[in-house]
Amino acid sequence: GGAAALVAAAGVALWLSQRAPEPAPVTTAKVEEPAKKAAEPVKKPAEPKQEPVAKAEPAPQQPAEPVQEKPVEPVAKPAEEPAQPVAKPAEEPAQQVAKVEPPAPPPLRIAGFTPSADEVSVKEGAKQAFAVEVAGGDAAKKPKIAWRLDDRVVASDVPRFEYAPGFDAAGEQPKKLEAVVGEGADAQTRTWRVAVANVNRKPQLTTQPKAGGKLDAKLGDTVKLAANVKDEDGDAIRYAWKIDGKAVADDGAELSVPVTGDRTVSVTASDGSAEASATWQIAAIKPVLKLDTSPARLERLRFEKPQEFALAAPAGTTGVEAEWTVDGKKVASGSKFTFTNDDPAKIRRTPVEIAVAATDAQGAKFSRTWSVVVEPPTPELESATPPAGAVEAPESGSQTFQLAARRPIGGQDLSYVFQVDGKQAAKGKSPSFSYKPSDDRAHKITGYVQDNFDQVSSRTDWTLSPRPGASTTASTGTSGTTTAPAPAGDVVGKARSWLDDYQSAFNAKDAARLGQLRGLSSAKVAELQKVLDDQQGLRVTFSNVQIEKLGDDRARITYTRSDDFTDARGTPVSRTGVVEQTVGLVNGRITELETKRR
């Protein structure tokens, strides 16, 4: 019985030790964490749970096993039952502390504003910023701001408002702009009076056809121009047109311009305050008239030989009028013209310009020019003294040969040429040539006339049988003396013969022969031939010839060279210069070694 009482007392003590910490949460001042304080007493009774049991064991002297088995179950049960009511007293004080209200924030107030003036002016289409600076209010909330323009809300809850009046906003009375800060009886208001100034808008101009560039139109046509104007203010528009800088009495939006040539047209549209302009550049296109002509090509024409020139219009071409000119002087009208070619003054080295200019009913034009060299009759020998044939050399002195040619016509110029054994011995204005052979064999003397149009007469040949022991000189009548065919080893004589061949090859346009005389390559010969072909009526003359012997196989030739011809464009050309050529014997033949021009 005593053991049972001890066990019961130990259980009660254990139960009381577990409940002892409960009042602590009620007296604490920290209401924010009541849950944690209530939980602590639940853990602490675990330690006294063992202490009463340990103290009760030595009291009776009974065997330990029976005493411990009986109280184990009733001790655990009382410890679990009070766990639920422990948390409830800790929660009740926390709810009572959270009901404390914070102090109210100060009301919103206007601390500053811009612009500072009460009256503000802004132009239509421009912008004006307004702003307020606020103080007070709940820092956690966005300030309550309302912007009102003439009692109409235009922005909310922003400290800045930008007013951009449209082009229809101007009026006699200013507008009222308000910034209302806060709500109810505590609200504050800042007011501006905003005057909107009227702004005139520039007329908007478009054109038809589009201006600013080149406008092609046929000569004689009419071009219609139009100006389309839009004025957003509804202002009345006036138009000012100009043609080639001169004002046109027309205030309409359209203008018809006759194309009499290249024109510059401008228009200006004005609403009285502002204006817009546009400019057209009209390029007159001349109509093209295509006609067939005959002859298709003509470069030379024999004197006193008439030549007909004609125009032929294609089908559909009407109203063709033509005018013919010779050297710029009008000579005929119509589709045909005959050049009689009987004027000796037209015989010249420069071409005669025969031209036609035609126009049809639409104003289209055509022109063509023929550049024609009028050639004189071929030089003609009238007599030869002595008569052609065998001539016996006189007993002493030289034998004189003389030619008589028909009188030249117009710009024709004659030269008399004499050859000895096929080599030129004399050439010039003198019609006579004197020759004295240097050996006892017969020599062939040839004479002919050549003009400045590269035409030659028939040839007269004499066979001269010299006396044995005759001298080696020959003379040319009034022209002085010249050297007969050079004997072997005479480099000066060979140089003269070379120069005669050189001149003849030029007048014959024989590029191959010129290449042989100058030692040119085939490529150079081809280039030279092309140049010669472009020089119509080429005439090359050498004068003031001087030959200086430089050695047994070399000589220096100095002369004045004159070239007359017509170039590929039909332009007469005349060139004169001094030439210095050094020639020498190469493989027994004279060849050009060096050429200088001064």
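Before reading on, note that the structure itself is shown above.
Presented here is a report on the structure given in the accompanying data block. Note that the coordinates shown come from a computational prediction; the quantities given were computed from them, not determined experimentally.

1. So, the pattern of salt bridges
Phase 1: By the definition in use, this model includes 27 salt bridges.
Phase 2: A salt bridge links Asp-118 to Arg-190; the shortest N-O distance between them is 2.8 Å. One end of the pair, Asp-118, is in the loop between strand E1 (109–114) and strand E2 (119–123); the other, Arg-190, is in strand E8 (residues 188–197), and 72 residues separate them in sequence.
Phase 3: Since its relative accessible area comes to 40%, Asp-118 is described here as partly exposed.

2. Regarding the sheet that holds E2
Phase 1: Sheet architecture is open: five strands sit in the order E2-E8-E7-E4-E5, paired in mixed fashion. Edge positions in the sheet fall to E2 and strand E5 (152–156), since each of these pairs with one other strand and no more. When strand polarity is set aside, the average angle formed by the axes of neighbouring strands in this sheet is 30 degrees.
Phase 2: In this structure, E2 lies alongside E8, joined through five bridges in parallel fashion. Each residue of the ladder has a partner; that of Ser-121, found in E8, is Ala-195.

3. Examining the sheet that holds strand E19 (residues 307–312)
Phase 1: One open sheet holds the three strands; their spatial order is E17-E19-E22, and the pairing between them is antiparallel. Both edges of this open sheet fall to strand E17 (292–294) and strand E22 (336–339), since each of them pairs with a single strand only. On average, each strand axis in the sheet is inclined to that of its neighbour by 10 degrees, with strand direction left out of account.
Phase 2: Pairing of E19 with E22 involves four bridges; the strand directions are antiparallel. If you follow Phe-309 over to E22, its bridge partner there is Phe-337.

4. Side note on the environment of Leu-108
Phase 1: The topology assignment puts Leu-108 in the loop between helix H7 (83–97) and E1.
Phase 2: In sequence terms Leu-108 and Glu-183 are 75 residues apart; their C-alpha atoms lie 8.7 Å from each other.
Phase 3: Those residues within four positions of Leu-108 in sequence are excluded, and the remaining contacts are Ala-135, Gly-136, Gly-137, Pro-143, Lys-144, Val-181, Gly-182 and Asp-186.

Basis of the calculations
- Residues numbered from 1 in each chain as written.
- Predicted model: local features only at pLDDT ≥ 70, side-chain atom pairs only at ≥ 80, totals over all residues.
- Heavy atoms only, no water.
- Salt bridge = Lys/Arg side-chain N within 4 Å of Asp/Glu carboxyl O.
- Helix = DSSP H or I, 4+ residues; strand = E, 2+ residues; numbered from the N terminus.
- Buried < 20%, exposed > 50% of the residue type's maximum accessible area, 1.4 Å probe, protein only.
- Pairing = 2+ DSSP bridges.
- Axes fitted to C-alpha atoms, helices over the stretch in contact; angles between N-to-C directions.
- Contact = heavy atoms within 4.5 Å.

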